Amino acid sequence: MNAQKTAFSGIQPTAIPTLGNYLGALRNYVALSGTHRCFYSIVDMHAITVRQDPETLRRRVRELYALLLACGPNPDNTVLYVQSHVPAHAELCWILNNFTMFGELSRMTQFKDKSAKHADNINAGLFTYPVLQAADILLYGAHVVPIGDDQKQHLELSRDVAVRFNGVYGDVFVVPEPLIPKLGGRIMSLADPSRKMDKSDPNPAGYISMLDDRDVIIKKCKKAVTDSGAEVRYDPAEKPGVANLMTIYAICTGKEPEQVEREFAGQGYGAFKTAVGEAADGVLSPIRAKALELIQDPAHLDRLMAEGAARAEAVALPVLRKVRDSVGFLPRI
Ligand code: AQP
């Protein structure tokens, strides 16, 4: 890896990622791997803030690893690894807990949303989730963090924690910048365009999974909630369902929303929805085919994960040593 700048991002192995994850984050993982030294982590430690079935979690980690590989990031610049394989994340998280305020964490909208969703399990991990996220990012000296719009507030907190720590001990951490796509930073649910598309949505009609086949994708797009009109017009406030489909179509075909308006002028929603499904399948089908092939060989995936963890640790440990030294921990000789 000879890139000068570093990128980091994490994705939870809670379910197969959606088209929203792809358009908001994963496609930028790939783009950045052309120019940056990239660390992409399957954040299983984040995933257990919500109760997971152990066997399913293990399967999901391998599936997600295969999918990220199948997206095709430049392998020379990319380290793909599993968060729990690098214990430095947990250690730095503990230290950073002491530089993060209770009030700051209480304001996190994801904590409020998830507490409402999992009212029977509002555990401390759910509350300190953003501190672990700060540790993930800061361990690799990331300059840039490709994320969807929903992670903006957490990234802001990571920056605040880094600045606070640096204010006490000098320039230990790189202060990261978010990279959120202008179009596609928040893909909305197909079943309810007032909510974001979410891979943990109990209603599969709300999302397109990256492993859905062509027929399923087209069927879901055809059923997408729009409005009682018939005009394909980009107006997120008045026509959120149509604007969401236009966003998907625009990104998948490399067009601007205005071009999409012109293309479907006077055609009604039927033909447009089918075209959205076909365009989404066009982007996802080569990734799906590659991922399904990789999933057939779990031993190979496990070897790649081990290599990834070793490469990640080689970068994380010197940063962790610097932090330990900064706060006054005595080195073990
Ligand atoms: N709808 C979305 N549009 C654009 N980007 C999105 N991201 C998530 N949803 C959208 C971005 O994808 C990356 C990985 O996020 P994640 O693993 O936290 O996925 P999720 O689908 O948001 O989360 P889960 O596991 O389904 O848990 P819930 O939904 O319960 O929080 C991030 O960069 C994210 O911004």
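Below, the structure is looked at part by part.

Rules of the game
Residues numbered from 1 in each chain as written. Predicted model: local features only at pLDDT ≥ 70, side-chain atom pairs only at ≥ 80, totals over all residues. Heavy atoms only, no water. Phe/Tyr/Trp six-rings, centres within 6.5 Å; stacked < 30°, edge-to-face > 60°. Helix = DSSP H or I, 4+ residues; strand = E, 2+ residues; numbered from the N terminus. Buried < 20%, exposed > 50% of the residue type's maximum accessible area, 1.4 Å probe, protein only. Expected span 1.5 Å × (residues − 1). Contact = heavy atoms within 4.5 Å. Near = heavy atom within 4 Å. Polar contact = N/O pair within 3.5 Å; in protein donor to acceptor, adjacent residues only side chain to side chain. Areas by Shrake-Rupley, 256 points an atom, 1.4 Å probe, with all protein chains shown as cover. 1 Å grid on protein atoms, 1.4 Å probe; cavity = no way out; pocket = protein on both sides within 12 Å on 5 of 7 lines; lining within 4 Å. Sits in = over half its atoms within 2 Å of the grid points.

## A closer look at the packing of aromatic side chains
For step 1, the next point in the chain: Applying the stated criterion across every chain yields a total of 13 aromatic pairs.
For step 2, the next point in the chain: For the pair F102 and F127, a centre-to-centre distance of 5.1 Å together with 45° between the ring planes defines the contact as tilted. One end of the pair, F102, is in helix α5 (residues 102-106); the other, F127, is in helix α7 (residues 124-138), with 25 residues separating them in the sequence.
For step 3, the next point in the chain: Taking 5.1 Å as the distance between ring centres and 65° as the angle between the ring planes, the aromatic pair formed by F264 and F272 counts as edge-to-face. The pair F264 / F272 is uniform in exposure class, with both members buried.

## Some words on helix α10 (residues 240-253)
For step 1, the next point in the chain: Under the 1.5 Å per step criterion, the end-to-end length of α10 is 20 Å for 14 residues, consistent within 8% with the ideal 20 Å.
For step 2, the next point in the chain: Among the residues of α10, G241, V242, A243, N244, L245, M246, T247, I248, Y249, A250, I251 and C252 are the ones counted as buried.
For step 3, the next point in the chain: Against the buried residues of α10 lie α1 (19-32), α11 (257-263) and α12 (268-295).

## Describing the site of the ligand
For step 1, the next point in the chain: Around the ligand, the surrounding shell holds 22 residues, and the nearest of these are T14, D150, K196, D198 and S200.
For step 2, the next point in the chain: In the model, an oxygen atom of the ligand is placed 2.5 Å from a nitrogen or oxygen of the D150 side chain.
For step 3, the next point in the chain: K199 is positioned such that a nitrogen or oxygen atom in its side chain is 2.8 Å from an oxygen atom of the ligand.
For step 4, the next point in the chain: When the ligand is considered free in solution it has 670 Å² of accessible area, and contact with the protein chains removes 96% of it.
For step 5, the next point in the chain: The site holding the ligand turns out to be the largest pocket.
For step 6, the next point in the chain: For the shell around the ligand, the element with the highest residue contribution is α1, accounting for four residues.

These values are about where atoms sit, not about what they do.
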